[in-house]
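# A look at the structure
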Amino acid sequence: MTGPVISSLLDTDFYKFTMQQAIFHHYPDALVEARFHCRTNTNLAPLAERIREEVVALAGLRLSPDERQWMEATGLFQADYLDYLQATRLDPDCVTIGTGAQGLEIDIQGSWLEITLFEIYILAIVSELYGRYLEPVMNLDEGRRRLSDKLDQLRGAARQRMYDGFSFVDFGTRRRFSGAWQRELIACLAESVPAQFTGTSNVMLAREFGLRPVGTMAHEWLQAHQALTPDLGSSQKQALKVWLEEYGSELGIALTDTINMDAFLNDFNRGLAQAYQGVRHDSGDPIVWGEKAIAHYESLGIDPLTRTLVFSDGLNLDMALNIFRYFRDRIRVSFGIGTWLTNDVGVSPLSIVLKLVSCNGQPVAKISDAPGKTLCLDQGYIAQLRHVYGLC
């Protein structure tokens, strides 16, 4: 009998815990709502009941003493937060699952502190059940063949001087084909190309394989501040400042596209740019974005070679290698590769997200640098946000 899709509280992205700790210390009373959205034209409604069963099973997750000890050893988590995490129990009643005109509908409401962890679990559940029940019966031979091709490509790149220093991490938990497949490919990458494969966002697998857990903040951190900050126009600055209060010089990679790159750079003043180790790309043309980041650092009198650009938007290995070659010797770069790693098995992967739509009863939005990624339930608020940040 197949067990639950999610069997460990740590089977999630590292940034869920880093954000939850910051929420615990700064915004324990904030209330939010998050909605599921499938960007691909796929009818997921037949999965609704199975998803509901998996979400109910999440209530049984517990942080074990050994897992807590491992989290303490990262040096990032404080005892009061770990006490909370060890005592916490996910409440499936916060999650409403149904079907409607748009197919599968998932809505989560409640305390931000308590419900933030649902995001990655639910996305991984949807992705795995889709592969299990809605795709043709298959085995993973094609996935293993493609993984072998990736290893050959990486070994070939390692022999070329132009790729000296190239490395990447796994960002694929939320859209993986299955948990078992993610574990298998990470084991293979860690053994076969350890100099190039340097970590994973998946906390459980980082612990299991002795890898570096990777992640800082996600869009929800900056989105929520649109409601948590009295002045909407200073919400990004406030989000970045509170993050520094929580982590100081640690976890210093800022996400740039909650509104868009230009609006972010207008807020990313010299003080913030000096305090943060770098910035992360998650939408729009990566070369244009990178050039803007370099020009911004130079305009502030900051040597770009002391900063890092993290690329994480729909990458495959060819794209990552091309970006590395373009920016090498100009600025440090790193890569988080997701779907192309964990769901490149010969079926069409889903493009699914679960984003905040309100905080403390006020709408919040992600505008992004790419068409189709804007997400908000209130078009009037989108217009207001664009106006405040000077977007046309």
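Located above this text is the structure these notes cover.
If you're wondering where the values come from, they're calculated on a predicted model, not measured in any experiment.

## Re unusual backbone geometry
- One non-glycine residue, Asp-329, lies in the positive phi region at around 70°.
- Inspection of the secondary structure puts Asp-329 in the loop between α15 (317-327) and β10 (332-337).
- With a relative accessible area of 63%, Asp-329 lands in the exposed category.
- In this structure, Asn-360 is a non-glycine residue whose phi angle is positive, near 50°.
- Among the structural elements, Asn-360 can be located in the loop between β11 (352-359) and β12 (362-363).

## Things to note about the sheet that holds strand β9 (residues 308-311)
- Read from one edge of the open sheet, seven strands run β6-β5-β4-β10-β9-β8-β7, paired in parallel fashion. A single partner strand is all that each edge strand has here, and the edge strands are β6 (212-213) and β7 (253-255).
- Note: strand β4 (residues 168-170) against strand β5 (residues 197-200), three bridges, orientation parallel. Along β5, the bridge assignment pairs Val-169 with Gly-199.
- Strands in contact with helix α14 (residues 286-299) are β8 (278-281) and β9; relative to β8, the strand with the most contacts, it is inclined by about 165°.

## Structural notes on helix α10 (residues 219-228)
- With respect to burial, α10 is a largely interior element, nine of its ten residues being buried.
- Taken residue by residue, α10 has His-219, Glu-220, Trp-221, Leu-222, Gln-223, Ala-224, His-225, Gln-226 and Ala-227 as its buried positions.

## Details of the pairing of β5
- Considered for its hand, the β-α-β crossover made up of β4, helix α8 (residues 179-192) and β5 is right-handed.
- Two elements, β5 and β6, share two bridges in a ladder whose sense is parallel. Considered in β6, the bridge of Thr-200 is made with Pro-213.
- Crossover handedness for the path β5 to helix α9 (residues 203-209) to β6: right-handed.

Basis of the calculations
Residues numbered from 1 in each chain as written. Predicted model: local features only at pLDDT ≥ 70, side-chain atom pairs only at ≥ 80, totals over all residues. Heavy atoms only, no water. Helix = DSSP H or I, 4+ residues; strand = E, 2+ residues; numbered from the N terminus. Buried < 20%, exposed > 50% of the residue type's maximum accessible area, 1.4 Å probe, protein only. Pairing = 2+ DSSP bridges. Contact = heavy atoms within 4.5 Å. Axes fitted to C-alpha atoms, helices over the stretch in contact; angles between N-to-C directions. Right-handed = clockwise from strand over helix to strand, strands pointing away.

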